[in-house]
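Analysis of the macromolecular model
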Amino acid sequence: MTDRVGFVGLGNMGFPVAERLLAAGYPVLAFDVRADAVAALVALGADAAPTATAVADAAETVLASLPTPQAARAVATDISAGARVRRLVDLSTIGATTAQAIHTELASSGIGYVDSPVSGGAAGARAGTLAVMISGADDDVDAVLPLLESFGRPIRLGAQPGAAQTMKLLNNLLAGSALAVTAEAMVMGVRAGLDAATMIDVFNAGSGANTATRDKFPRAVLPRTFDYGFAAALMAKDLRLCMAEADELGLALPLGAAVAQLWDDTATTLGPDADFTAVIQPIERAAGVTVESAPVTPPPQR
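Residues numbered from 1 in each chain as written. Predicted model: local features only at pLDDT ≥ 70, side-chain atom pairs only at ≥ 80, totals over all residues. Heavy atoms only, no water.

**Re the packing of aromatic side chains**
To describe a pair of aromatic rings, one takes the distance between the centres and the angle between the planes. Across all of its chains, the model carries 3 aromatic pairs by this definition. Ring centres of Tyr228 and Phe276 lie 5.6 Å apart, and the angle between their planes is 50°; this geometry places the pair in the tilted category. Of the two residues, Tyr228 sits in the loop between helix H10 (211–221) and helix H11 (232–248) while Phe276 sits in the loop between helix H12 (254–270) and helix H13 (280–287), which places them 48 residues apart along the sequence. You'll find Tyr228 and Phe276 in the same group, each marked buried. Seen from their ring centres, Phe230 and Phe276 are 5.2 Å apart, and the 80° between their planes marks the pair as edge-to-face. Taken together, the residues Phe230 in the loop between H10 and H11 and Phe276 in the loop between H12 and H13 connect sequence positions 46 residues apart. Looking at Phe230, the relative accessible area reads 21%, which means it is partly exposed. Accessibility expressed as a relative area gives 4% for Phe276, which makes it buried. Three or more aromatic residues link up through ring pairs in this structure, and these residues are Tyr228, Phe230, Trp263 and Phe276. (Phe/Tyr/Trp six-rings, centres within 6.5 Å; stacked < 30°, edge-to-face > 60°. Helix = DSSP H or I, 4+ residues; strand = E, 2+ residues; numbered from the N terminus. Buried < 20%, exposed > 50% of the residue type's maximum accessible area, 1.4 Å probe, protein only.)

**Some thoughts on the pairing of strand S5 (residues 87–90)**
Neither face of S5 is left uncovered, since the one carrying Arg87 and Val89 and the one carrying Leu88 and Asp90 both have all their residues buried. Pairing of strand S4 (residues 61–64) with S5, which is carried by 4 bridges, proceeds in the parallel orientation. Counterpart to Val62 in the pairing with S5 is Leu88. Read as a crossover between parallel neighbours, the route from S4 over helix H4 (residues 69–80) to S5 is right-handed. One ladder, built from 4 bridges, connects S5 with strand S6 (residues 112–115); its direction is parallel. Note that in S6 the partner of Val89 across the bridge is Val114. On the question of chirality, the crossover connecting S5 to the parallel S6 by way of helix H5 (residues 96–107) is right-handed. (Pairing = 2+ DSSP bridges. Right-handed = clockwise from strand over helix to strand, strands pointing away.)

The structure is reproduced here in structure tokens:
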């Protein structure tokens, strides 16, 4: 029988990852502070636990997907009190400093820590195509690779605690920058009289192509759904962490700092739960334009 897998944190990313584990045949024991999220996963075949510690009492391997460094630290402390847990796989984006602190805390209880943030959004989680960045001791990483392969492509970055966090923050610096500058370019083009859908076609055929032009704009901006599945406040948090890590390394990143400030302003203006593809909305309002696909005219009735 396959060993039970613990899972803590059933948000926009955690829930579809847990679904993938269930689909791969792993018995999942789950906890989240939101009872409705746990109930939804139980309906798919998981078992429910009353606390994170209860998860760690019953499973040797626990995965966590949490929104902030503070939440990750609190859950790690709860898990360290578990009777059976041998390793924590942290899918959260929390920065290298927090990852290193969690590693030290868990090590004092004889528990391994696999730092494993993911990239690819909720759609990537559902499809099982996430990029899974990993740093941790070889024995712990080897033990969890089959789990990670059920929802993405694991990429090992070494044993140093926090190395995967640094990689994830740099990934999101590029992703957040691409989305923000694409929003500015699209607004400028529409203001000048260009068609939004045609602009995307040109960008994608030329050297301006990026993750925003290929995916985010066609899927969530041009149709005005703004439902990609990642909050603007989380992008702002990730870029703050990235800038803090740059400071610790003695680096000045002026472009990165400007992008981080834009995301802070966006989260404040739109609210923390706004989808990050809505970053274009304040730019549109300032320009007095709307970036959208031309409506399809239905054929005349006969």
